[in-house]
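Here are the chains, one letter per residue:
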Amino acid sequence: MNPLQLAIELMYPRLCSACFGTLQVYENHICIKCNLSLPKIALHENEQVKLDKKFWGKLNIENTYSFLQFIKNGPVQNILHKLKYKNSPELANFMGRWFGNHLLTLGFDKEVDLILGIPLHPIKQKRRGYNQADQLAEGISEILQVPFETNILVRTEFTETQTNKSRYKRFENMEGVFKIEDPEKVKGKRIALVDDVLTTGATLEIAGAELIKAGCSELSILTLAAAL
Ligand SMILES: [Zn+2]
């Protein structure tokens, strides 16, 4: 590190996105302590069943993989908040590559042909400057060496924040929100759909249904975090 970099580091210490502790010069985005201690969703049968169950009877999903367990007010929530609201496309990309390495150990690179992020509405994306799901998907794609595209699945209507609405209302609101721009690129493909967090799964379900309708041969869900 040259003296100028060192001075910048001292004046503006970089913070861990999970615990807000000061990062050492050799650490990026997440400190080593958090790297080791963040609650990973080990794919034990119990946790995998909890993930799979979110789509049972709704959508025919080949694999559902989530990397971290979402716990309210915990370090994973800090990461997700920063991904969305703190202009952090690099963090999303970094987390995507980390998740991608985990997926690689599961051999998932051999089970997928195309990776897509859940699209944001264009107005929202313009406001935020990036789509965190696309940034995650790009990081995963880089590690798995599987193509990633942004203009196949698109969002057509603006939906206001959904958090206070009932599940049914949320669903009703989202009908027709996603559209497949280029069905030829979907047909016969094994597709992985990426989002930052899996809670009820309503958004993924509606977008996934469009991909199945357009003729993808298999659909998998990848989310950085999940509430089990
Ligand atoms: Zn940390």
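The protein chain appears in an unreviewed UniProt entry as Phosphoribosyltransferase domain-containing protein from Arcticibacterium luteifluviistationis. Of the protein chain, the UniProt comment under Sequence similarities (unreviewed entry) reads exactly: "Belongs to the ComF/GntX family."

1. A few points about a nonpolar patch on the surface
Taken together, the side chains of Met1, Leu6, Leu10, Val25, Tyr26, Ile32 and Leu36 present a nonpolar region at the surface, about 810 Å² in accessible area. Mapped onto the fold, Leu6 is located in helix α1 (residues 3–11). The partly exposed category is assigned to Leu6, whose relative accessible area is 44%.

2. Remarks on helix α3 (residues 45–53)
Every buried residue of α3 is listed here: Glu47, Gln48 and Leu51. The arc enclosing the buried residues of α3, seen along the axis, measures out at 100 degrees, which places them on a common side. When the buried face of α3 is taken as reference, the exposed residues oriented beyond 90 degrees from it are Glu45 and Asn46. If you follow the buried residues of α3, they end up packed against β1 (64–69), β6 (190–198) and β7 (218–226).

3. Some remarks on the packing of helix α5 (residues 89–105) against helix α7 (residues 132–144)
Across the interface, α5 lies against α7 with an axial gap of 7 Å and an inter-helix angle of 40 degrees. Here α7 runs oblique to α5, going by the angle between their axes. Between α5 and α7 lies a crossing whose hand is right-handed. Between α5 and α7, the residues in contact are Pro89, Ala92, Asn93, Met95, Gly96, Arg97, Phe99, Gly100, Asn101, Leu103 and Leu104 and Gln132, Gln135, Leu136, Glu138, Gly139, Ile140, Glu142, Ile143 and Leu144, respectively. Counted by class, the contact of α5 with α7 contains 10 nonpolar, 7 polar and 3 charged residues.

Thresholds, definitions, all that
- Residues numbered from 1 in each chain as written.
- Predicted model: local features only at pLDDT ≥ 70, side-chain atom pairs only at ≥ 80, totals over all residues.
- Heavy atoms only, no water.
- UniProt positions renumbered as here; feature names shortened; annotations may be inferred.
- Patch = residues over 30% accessible without salt bridge, like charges linked within 9 Å, V, L, I, M, F, W, Y side chains within 5 Å.
- Areas by Shrake-Rupley, 256 points an atom, 1.4 Å probe, with all protein chains shown as cover.
- Salt bridge = Lys/Arg side-chain N within 4 Å of Asp/Glu carboxyl O.
- Helix = DSSP H or I, 4+ residues; strand = E, 2+ residues; numbered from the N terminus.
- Buried < 20%, exposed > 50% of the residue type's maximum accessible area, 1.4 Å probe, protein only.
- Arc of directions from axis to C-beta.
- Contact = heavy atoms within 4.5 Å.
- Axes fitted to C-alpha atoms, helices over the stretch in contact; angles between N-to-C directions.
- Parallel < 35°, antiparallel > 145°, perpendicular 65-115°, else oblique.
- Left-handed = near helix turned anticlockwise from the far one by under 90°.
- Nonpolar A, V, L, I, M, F, W, Y, C, P; charged D, E, K, R; others polar.

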